[in-house]
Amino acid sequence: MTFNARGTYAIFKNELMRMFRTIFGSILSPVITTSLYLVVFGAAMGDRMDLGGVNYGAFIVPGLLMLTLLSESTSNASFGIYMPKFTGAIYELLSAPVGVAETLIGFVGAAAVKSLILAAIILGTAALIVDYSIAHPILALGYIVLVAASFSLLGFIIGLWADGFEKLQIIPLLVLMPLTFLGGTFYPISALEGPWQYVAMVNPVVYLVSGLRWTFLGESDFPIMLSFGATLGFLLICIAVIGWIFKTGWRLRE
Amino acid sequence: MPEPILNIRGLEKTYKGGVKALDGVDLTINRGEIFALLGPNGAGKTTLIGSVCGLVRPTGGKIEVFGQDLATSWKNVRRQIGLVPQELSFDMFDKVIRQVRYSRGMFGSAPDEARIEEVLRSLSLWDKRNAAIRELSGGMKRRVMIAKALAHDPQLLFLDEPTAGVDVELRRDMWRQIDMLRDRGVTIILTTHYIEEAEEMADRVGVIAKGRILLVDDKDAIMAKLGRTEAHFTIDSPLAELPAPLTGYPVHLEEGGTSLVYRGGDGTGKGKREVAELAQLLTREGIAFSGLETQESTLEDIFVDLLHEPVETAA
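For clarity, every value in this text was computed on a predicted model and none was experimentally measured.

Enquirer: I would appreciate a short explanation of the overall build of chain A in the present structure.
Expert: Along chain A, the regular secondary structure elements total 10 helices and zero strands. Taking 2.2 N^0.38 as the reference for a compact globule, 254 residues should give roughly 18 Å; the C-alpha atoms of chain A span a radius of gyration of 19 Å, in line with that estimate. Seen through its principal axes, chain A has C-alpha atoms that stretch 60 × 35 × 35 Å. Relative to its 254 residues, chain A shows a buried fraction of 51%. Long-range contacts, defined as pairs at least 24 residues apart, comprise 81% of the intrachain contacts of chain A with a sequence gap of at least 6. Approximately 11,200 Å² of chain A is accessible, and the part contributed by carbon and sulfur atoms is 71%. Once the 12 positive and 13 negative side-chain charges of chain A are each reduced to a mean point, those two points are 14 Å apart.

Enquirer: So what exactly am I meant to see when it comes to the environment of A162(A) here?
Expert: Residue and element names in this part refer to chain A. The topology assignment puts A162 in the loop between α6 (137-161) and α7 (165-181). Along the primary structure A162 and E102 are separated by 60 residues, whereas in three dimensions their C-alpha atoms are 22 Å apart. Leaving out residues up to four positions away in the same chain, A162 has contacts with Y82, K85, K167 and L168.

Enquirer: Would you explain the domain arrangement of chain B in this entry?
Expert: By a widespread convention, an interface's size corresponds to the accessible area lost as its parts come together. For chain B, the domain assignment lists domain 1 (4-224) and domain 2 (228-296). With centres defined by C-alpha atoms, the gap from domain 1 of chain B to domain 2 of chain B works out at 45 Å.

Enquirer: Is there a simple way to explain the sheet that holds strand β10 (residues 212-218) of chain B in this structure?
Expert: For sheets, the rule is that strands pair by backbone hydrogen bonds, running either parallel or antiparallel. Residue and element names in this part refer to chain B. Strand order in the open sheet formed by six strands is β6-β7-β8-β3-β9-β10, and the pairing between neighbours is mixed. Every interior strand has two partners, whereas the edge strands, β6 (81-84) and β10, have only one. For this sheet, the mean angle separating the axes of adjacent strands, direction not counted, is 15 degrees. Of the pairings in the sheet, the one linking β6 to strand β7 (residues 156-160) comprises four bridges and is parallel in character. When the bridges of β7 are listed, G82 appears paired with L157. Packing of helix α1 (residues 45-53) onto the sheet brings it into contact with β3 (34-38), β6, β7, β8 (187-192) and β9 (204-209), and relative to β7 it is tilted by some 150 degrees. Sheet strands touched by helix α6 (residues 168-183): β3, β7 and β8. Its angle to β8, the strand with the most contacts, is close to 155 degrees.

Enquirer: What am I meant to see in the sheet that holds strand β2 (residues 20-30) of chain B here?
Expert: All names here are of chain B. An order of β2-β1-β4-β5 is seen for the four strands of this open sheet, with the pairing classed as antiparallel. The outermost strands of the open sheet, each flanked by one partner alone, are β2 and β5 (68-69). By the bridge criterion, five bridges tie strand β1 (residues 4-14) to strand β4 (residues 60-65) in an arrangement that is antiparallel. Paired with I8 across the bridge in β4 is I63.

Enquirer: Hey, could you run me through unusual backbone geometry in this one?
Expert: Leave glycine aside and you will find that most residues have negative phi; peptide bonds, for their part, are mostly trans. Residue and element names in this part refer to chain B. You will see that S124, though not glycine, has its phi angle at about 55 degrees, which is positive. Counting through the fold element by element, S124 comes out in the loop between α4 (113-122) and α5 (138-150). Note on S124: relative accessible area 45%, which makes it partly exposed. Positive phi, normally seen in glycine, also occurs at D153, with a value near 50 degrees.

Enquirer: Is there a simple way to think about the pattern of salt bridges in this case?
Expert: Oppositely charged side chains may form a pair once their charged atoms are brought near each other. Residues and elements named next belong to chain B. For the coordinates displayed, the defined rule picks out 22 salt bridges over all chains. Salt-bridge contacts for E230 lead to R263; the nearest nitrogen and oxygen are separated by 2.9 Å. Linking E230 in strand β11 (residues 229-235) with R263 in strand β13 (residues 259-264), this pair joins segments that are 33 residues apart in sequence. Taking relative accessible area as the criterion, E230 reaches 25% and is therefore assigned partly exposed. Its relative accessible area of 32% is what places R263 among the partly exposed residues. Salt bridges linked by common partners bring R104, R115, E118, D153 and R184 together as one network.

Enquirer: Can you help me understand the nonpolar core in this one?
Expert: Nonpolar side chains tend to gather and get buried jointly when the protein is soluble and globular. Residue and element names in this part refer to chain B. Counting 78 residues, the largest nonpolar core has L6, V65 and F158 as the members making the most contacts within it. It is α5 that contributes the most residues to this core, seven residues altogether. In this structure F158 touches L6, I49, V52, C53, I81, G82, L83, V84 and I189, once residues within four positions along its chain are discounted.

Enquirer: Is there a simple way to explain the layout of surface pockets in this structure?
Expert: Where empty space is left can be seen by rolling a probe of water-molecule size over the atoms. When its volume is computed, the largest pocket comes out at roughly 990 Å³. Looking at the largest pocket, it is lined by 44 residues, and the ones nearest its centre are R18(A), S26(A), S75(A), N76(A) and F79(A). Where the lining of the largest pocket is concerned, the elements lending two or more residues are α1 (5-21), α2 (23-44), α3 (56-87), α4 (90-95), α5 (100-129) and α7 of chain A together with α3 (96-106) of chain B. Per-element tally for the lining of the largest pocket: the top contributor is α3(A), with 13 residues.

Enquirer: Is there a simple way to think about the UniProt feature "transmembrane region" (unreviewed entry) in chain A in this case?
Expert: What UniProt calls "transmembrane region" (unreviewed entry) maps, in this numbering, to residues 23-45, 51-70, 90-110, 116-134, 141-162, 168-189 and 222-246 of chain A. Between the C-alpha atoms that bound residues 222-246 of chain A the distance is 36 Å, and the span itself is 92% helix and 0% strand.

Enquirer: It is not clear to me how the interface of chain A and chain B should be interpreted in this structure. Could you clarify?
Expert: In this complex, chain A contributes 31 residues to the contact, which on the side of chain B involves 32 residues. Summed over both sides, the interface of chain A with chain B buries roughly 2,800 Å², with 52% coming from carbon and sulfur. For the salt bridge of D91(B) with R21(A), the shortest nitrogen-to-oxygen distance reads 2.8 Å. Within the residue set of the side of chain A that touches chain B, elements represented by two or more residues are α1, α4 and α10 (224-248) of chain A. Element by element, the count of residues in the side of chain A that touches chain B is highest for α1(A), at eight residues. Grouping the constituent residues of the side of chain A that touches chain B by class yields 13 nonpolar, 10 polar and eight charged.

What counts as what
- Residues numbered from 1 in each chain as written.
- Chains lettered and ligands numbered in written order.
- Predicted model: local features only at pLDDT ≥ 70, side-chain atom pairs only at ≥ 80, totals over all residues.
- Heavy atoms only, no water.
- Helix = DSSP H or I, 4+ residues; strand = E, 2+ residues; numbered from the N terminus.
- Rg over C-alpha atoms; globule rule 2.2 N^0.38 Å.
- Buried < 20%, exposed > 50% of the residue type's maximum accessible area, 1.4 Å probe, protein only.
- Contact = heavy atoms within 4.5 Å.
- Areas by Shrake-Rupley, 256 points an atom, 1.4 Å probe, with all protein chains shown as cover.
- Lys, Arg positive; Asp, Glu negative; His and termini not counted.
- Charge placed at Lys NZ, Arg CZ, Asp CG, Glu CD.
- Domains from an automatic or database assignment.
- Pairing = 2+ DSSP bridges.
- Axes fitted to C-alpha atoms, helices over the stretch in contact; angles between N-to-C directions.
- Salt bridge = Lys/Arg side-chain N within 4 Å of Asp/Glu carboxyl O.
- Core = buried A, V, L, I, M, F, W, Y, C linked by side-chain atoms within 4.5 Å.
- 1 Å grid on protein atoms, 1.4 Å probe; cavity = no way out; pocket = protein on both sides within 12 Å on 5 of 7 lines; lining within 4 Å.
- Points joined across faces, edges and corners; volume = space filled by probe spheres on them.
- UniProt positions renumbered as here; feature names shortened; annotations may be inferred.
- Buried area = accessible area lost by both parts, 1.4 Å probe.
- Nonpolar A, V, L, I, M, F, W, Y, C, P; charged D, E, K, R; others polar.

Structure representation (structure tokens):
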């Protein structure tokens, strides 16, 4: 069966346009929030932090970027698929000649692209507030794309699973946000007291933040391949779950 | 020679919890016809449409559309199918023209602004093309649903209760739209509660109840087969028995011989002719009557009768 490229593009464009229709909530709000973190923790308090020669503002940039990437990728993709379910417009997607590949590239691709646009704006804004550089820009870009795609996939699953607006918020607010804050966004894991370092290692977001920080600073708490492997594994698990959802029709064709 | 465009055999759907929505449905739809599927709430109409359009996963049976097996060639098949569901379901905040373009693209059709304009103009939506859908009236929103379904030029169009909850004027407007689509060769399957709609629009009619097709036939053939005329003559002087010349007709006496009741005909005009003959015979026999009431059965009467006395027929 042939790939429906036009259908994919139609979904992708529609999703991107929907996001830009709500530009304040989609773009400005996360940019302002991240900028405030940078101003308060980076510019105002950064001088008082001792990280062995690393500027604190530069240290938290990848962590804050990860925080935004995770929350925005997840919420955009979950909202993108949940809204048609909520309004009933999902009928069109289900009756159209589009399969798993077209749907994922359309919905998840749009959510990931929006996250990438957001990441670029945040990095540009951060450059105005704190002094930072990117040690491995190509790897940083690749890693950001991987994280955006992975968590957009997770968001897509949440959007399919959710049967109410409250459920849409549960995982981003009650799981991802705390894990990211406790995942080394604002501090190195090595700074934690003995046993807490081992507790932190159970938190999967630690490896994500660590990986992105490595691409920025050239050093981090864990080897880059461990972070990269964990993220890639997560992406593959999400794709497998979505494939199963489409195959069985769970929450779609019940 | 009718060319089958949709062929459904033994279609079954049992929902989780055990509700059997479709119970061995056989149905053939021919190219270019308008087919009305009648049935009460919960009869299986929407499940049947959903099974063909991909909204529902059947638990048994086979569906062929345009001669292709839907299970294996669903992508090719769906490009040529349009669906207008019962509910108004779209992104209310989006503009009309963008939503119509979106539908065309999603079904794999190349951008064609001239065609989009043609569709919007045919539904009197061109002037509203840049309006947000939420700003439109209910009737206009329903037109947007139709425009979205027509945007990719489907050969087979499903209209699920297209005029449910709309006023009489809009309903007649919808009928005109459906007529125009018929003229363009689009095959249309519509479900409806309104018998009047089926009588007005359909070439053939199917009746479904409890997940089973009870009857499928040409509308006129159904009327001929099951339609009847009922006439009541009010006789001035009570009759003790039927006069001999009347015994060959389907008549009987009621109300102590003061009412002569005729029930007959076949929906083709035979009933009216026989009632006229009866009137002449009564006059000729010197039997005075002071009143005559006649009533032709409608598709609605037939529909109600069928639901009470299921008839088993093949599609």
